[in-house]
Amino acid sequence: MNREPHIVVVGSANVDLTTFTDQFPRPGETIFGREFHLGFGGKGANQAVAARLCGARVSMVARVGDDLFGEATIRNFTARGVDASRVLITPGVSSGVAPIFVDSAGQNRILVVKGANDRLLPADVDAAADLLREADCLVLQLEIPIETVYYTLSFARRHGIRAILNPAPGQALDLAQLANADYVIPNETEAEVLGGMPVRNVDEARACAAHLLDGGLRRVIVTLGANGALCAGAEGSRHVPAHTVQPVDTTGAGDAFIGSFACFLSGGCDEYEAIARANVYAALSTLSVGTQMSFVTLERFQEVLG
Ligand code: RIB
C-alpha cells in the first residue's frame, strides 16, 4: 500500500454467540453442543476491524444497545484502534446479537437479531457527515435499515466518495439505488438473491454479474469462497483465484475480504491486486475459530504473501 486510507464503515455491530455442533435439536428436544465462543461480530464491525488490521484508519458509524454488550462493543472498537466516537448508545434497546452454529466442516449458519442496528437512521448519517466527507471510502452492509443504506450511498455519490456495498444478508434490493455504489460485493447466495439466477460456479457468477451490470450496477465482485472471486465491469470480467487453505471456521471470511479489499484498494493497490490480497486475507481468517478474533495481523498477512 502507498498510504494509510481513511475508511468509514456505516453498519452493524453484534455480539456473536458461536456454538460448534453437528446436530440441531428438534422441537422440544435438548442436545449437547461441542464448544462455545463469545466474540465481537456484526458484518459492519468485522469489516471495520479487518480494514484496521490491514493498515487503514477506520471510523465506525453504528448504534449499540444500552446493555453490557453495547458497552463492551465500544470498548472493543477502541482497543482495536477503530474510532468509535460516532457509535451511539440507544436507550431501551438491546444490542445486536448473532447466535451462530458451526459444523465440523467449518460451515456456519447465522441468525441475526438486529436490535439497535435497526435504529441507525439517515439522521445519524447526517450527524456524521463531517466524518464521511473526509473518508477515502465508505463501506456498507445490510444489517441496518435499507433506507439508511440507500441514503448513505446517495450521499457518497453526491460527494464523490468511493462506496462499497456488501449486500449481506441477502435480500431483494432496488438496483437503481445500488447504482450509487462504486462496488457491490455479494457472495454466491447474495448474488443469487440480487440477480434472481443461480450462482454455483465461476461461469454462473460471470452471467449473474453481467445481468447486474445490465441493471445499472457499476462494478460487481462476486466472492466464491474456495473458487476465489469474479470481478466484472463495463470492460468485461476477470476471475481472481483463491488462496487455498483447509478451513476450520468460515464465519466472517466474507467480512475479512470486504474490509481488507477496501483498505488495499483505497491504499493504492490496483483492483486486481487488491482482490488477490483480499482473497489471501479472507482465507487466513478461516484457519481459526470466530469472526473478528480469527482476523490476522498485517505482519502475519505479509509473512504469508512473502
Ligand atoms: O458475517 C459474519 C457476521 O454475520 C457475524 O459476525 C454475525 O454477527 C453476522 O453479522
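Here the structure is a predicted model, which is why all the values come from computation and not from measurement. (Residues numbered from 1 in each chain as written. Predicted model: local features only at pLDDT ≥ 70, side-chain atom pairs only at ≥ 80, totals over all residues. Heavy atoms only, no water.)

### Topic: the sheet that holds strand β3 (residues 35-41)
This is how it is decided: For two strands to be treated as a pair, DSSP must find at least two bridges joining them. Segments assigned H or I by DSSP are reported as helices when at least four residues long, segments assigned E as strands when at least two residues long, and all are numbered from the N terminus. Lines fitted to the C-alpha atoms define the axes, with helices restricted to the stretch that makes contact. Angles between their N-to-C directions range from 0 to 180 degrees. We call two residues in contact whenever any of their non-hydrogen atoms come within 4.5 Å of each other.
Taken together, 4 strands build an open sheet; the order of strands is β3-β2-β6-β7 and the sheet is mixed. Both outer strands of the open sheet, β3 and β7 (108-110), are each paired with one neighbouring strand and no more. Looking at each pair of strands side by side, their axes are set apart by 20° on average, direction ignored. Of the strand pairs in this sheet, strand β2 (residues 14-20) and strand β6 (residues 96-102) are connected by 7 bridges, and their pairing is parallel. Residue pairing in the sheet places Asp16 in a bridge with Ala98 of β6. Of the strands in this sheet, β2, β3 and β6 touch helix α2 (residues 68-79), which is tilted by about 65° from β3.

### Considering the site of the ligand
Stated precisely, the cut-off is as follows: Here, proximity means that at least one heavy atom of the residue falls within 4 Å of the molecule or strand. Throughout this description, a polar contact denotes any pair of N or O atoms lying within 3.5 Å of each other; where both atoms belong to protein, one of them has to be capable of donating a hydrogen while the other can accept it, and for residues adjacent in sequence the pair is counted only when both atoms sit in side chains. Residue type decides the class: Asp, Glu, Lys and Arg count as charged, Ala, Val, Leu, Ile, Met, Phe, Trp, Tyr, Cys and Pro as nonpolar, and the leftover types, Gly among them, as polar.
Inspection of the region around the ligand gives Asn14, Asp16, Gly41, Gly42, Lys43, Asn46, Ala98, Ile110, Val112, Glu143, Asp255 and Thr291 as its neighbouring residues. Contact distances for the ligand include 3.0 Å between an oxygen atom and a side-chain N or O atom of Asn14. With respect to the ligand, the side chain of Glu143 contributes an N or O atom lying 2.6 Å from an oxygen atom. For the shell around the ligand, the secondary structure elements donating two or more residues are β2 and α1 (43-53). When its residues are assigned to classes, the shell around the ligand shows 3 nonpolar, 5 polar and 4 charged.

### A short note on the packing of helix α10 (residues 271-285) against helix α11 (residues 298-305)
In plain terms, the rule: Angles are sorted into four bins: roughly parallel if under 35 degrees, roughly antiparallel if over 145, roughly perpendicular if 65 to 115, and oblique for all others. We call a crossing left-handed when the near helix sits turned anticlockwise from the far one by less than a right angle, and right-handed when that turn is clockwise.
Their axes nearest at 10 Å, the elements α10 and α11 cross at an angle of 115°. On the basis of the axis angle, α10 is roughly perpendicular to α11. Where α10 crosses over α11, the handedness of that crossing is right-handed. Counted together, Arg277, Val280, Tyr281 and Leu284 of α10 and Phe301, Val304 and Leu305 of α11 form the full contact between these two elements. Of the residues in the contact of α10 with α11, the class split is 6 nonpolar, no polar and 1 charged.

### Comments concerning the nonpolar core
Stated formally: Definition used in this section: a nonpolar core is a set of buried Ala, Val, Leu, Ile, Met, Phe, Trp, Tyr and Cys residues joined via side-chain atoms within 4.5 Å. Buried, partly exposed and exposed residues are distinguished by accessible area as a fraction of the type maximum, computed with a 1.4 Å probe on protein chains only: under 20%, between the cut-offs, and over 50%, respectively.
Residues Ile7, Ile221, Phe257 and Phe261 are the most contacted members of the largest nonpolar core, which totals 47 residues. The element best represented in this core is helix α9 (residues 253-266), accounting for 8 residues. With residues near it in sequence (within four places) discarded, Ile7 still touches Ala51, Ala56, Arg57, Val58, Ser59, Cys137, Val139, Ala262 and Cys263. Counting residues in hydrophobic clusters, the runner-up holds 41 residues, among them Val8, Leu120, Ala128 and Ala163.

The analysis is restricted to geometry; functional conclusions fall outside its scope.
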